[in-house]
Amino acid sequence: MARFSIALAAGTGAMLLSLALSPTRATVAAPKTHTIVIDKLKFGPVPPGLHVGDTIQWLNKDLFRHTATARDGSFNVDLPAGARGVTKLTKAGTIAFFCRYHPGMTGQLVVSK
Ligand SMILES: [Cu+2]
């Protein structure tokens, strides 16, 4: 009985060790910061590959005040001329955004899990 228990424990230990040593395929990417430049009354290109946990840095190079405002209300960043602001991505999906002062300024973030 005791001998059986010891053998079982050793077997389990070896299995756990081999699991711990095997390479993991599902590596979680470290959060990144992506920059979206605003210039000449336009949002610049939205970078691909956005993930939950990443940060968007809005950089307003214009001489005008802008905002980066989500249509779903999930963020609203005020951006005076020359300012920068950040939005942390907290959910997956497509999030349309616009500028409150210039409704023709629009874009969308495509965020993966
Ligand atoms: Cu604007």
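Conventions and cut-offs
Residues numbered from 1 in each chain as written. Predicted model: local features only at pLDDT ≥ 70, side-chain atom pairs only at ≥ 80, totals over all residues. Heavy atoms only, no water. Donors = N, O, S within 2.8 Å, 3.2 Å for Na, K, Ca; no water. Helix = DSSP H or I, 4+ residues; strand = E, 2+ residues; numbered from the N terminus. Buried < 20%, exposed > 50% of the residue type's maximum accessible area, 1.4 Å probe, protein only. Pairing = 2+ DSSP bridges. Core = buried A, V, L, I, M, F, W, Y, C linked by side-chain atoms within 4.5 Å. Contact = heavy atoms within 4.5 Å.

As recorded by an unreviewed UniProt entry, the chain carries the name EfeO-type cupredoxin-like domain-containing protein and is attributed to Sphingomonas changbaiensis NBRC 104936.

*Asks:* For this particular structure, what's the right way to read the coordination of the copper ion?
*Replies:* Six octahedral donors around a metal ideally sit at 90 or 180 degrees from one another, while four tetrahedral donors ideally sit at 109.5 degrees. Surrounding the copper ion are the protein donor atoms H66 (ND1), C99 (SG) and H102 (ND1), which sit 1.9 to 2.1 Å from the metal. Sequence positions of the residues that donate to the copper ion give the spacing H-x32-C-x2-H. Taken together, the residues span a long stretch of sequence, with H66 in strand β5 (residues 66-70) and C99 in the loop between β8 (93-98) and β9 (106-112) at a distance of 33 residues. Per residue, the accessibility class of H66 equals that of C99, and both read buried.

*Asks:* Please clarify how the sheet that holds strand β2 (residues 42-43) should be interpreted in this entry.
*Replies:* Strand pairing in a sheet takes place through backbone hydrogen bonds and is either antiparallel or parallel in direction. In spatial order, the strands read β2-β1-β4-β7; together these four strands make up an open sheet with mixed pairing. Looking along the sheet, the strands with just one partner apiece sit at the ends: β2 and β7 (84-88). Examined bridge by bridge, strand β1 (residues 33-39) and strand β4 (residues 55-60) share six bridges and lie parallel to one another. Residue pairing across strands places T33 opposite T55, the latter belonging to β4.

*Asks:* I would appreciate a short explanation of the nonpolar core in the present structure.
*Replies:* Most often, soluble globular proteins keep nonpolar side chains buried together rather than apart. By size, the foremost hydrophobic cluster in this structure holds 18 residues, and its most contacted members are F43, I56, W58, A68, F75 and L109. The set of elements that each furnish at least two residues to this core consists of β1, β4, β5, β6 (76-79), β8 and β9. Contact partners of L109, with chain neighbours within four places excluded, come to I36, V46, L50, I56, W58, F75, L89, G93, T94, I95 and F97.

*Asks:* Hey, could you run me through the pairing of β9 in this one?
*Replies:* For a regular strand, the rule is simple: side chains alternate between the two faces of the sheet. Relative to β9, strand β3 (residues 50-51) is paired through two bridges, and the arrangement is parallel. Across the sheet, H51 pairs through a bridge with S112, a residue of β9. Looking at chain direction, β8 and β9 are connected through six bridges and run antiparallel. What sits directly across from G93, in β9, is V111.

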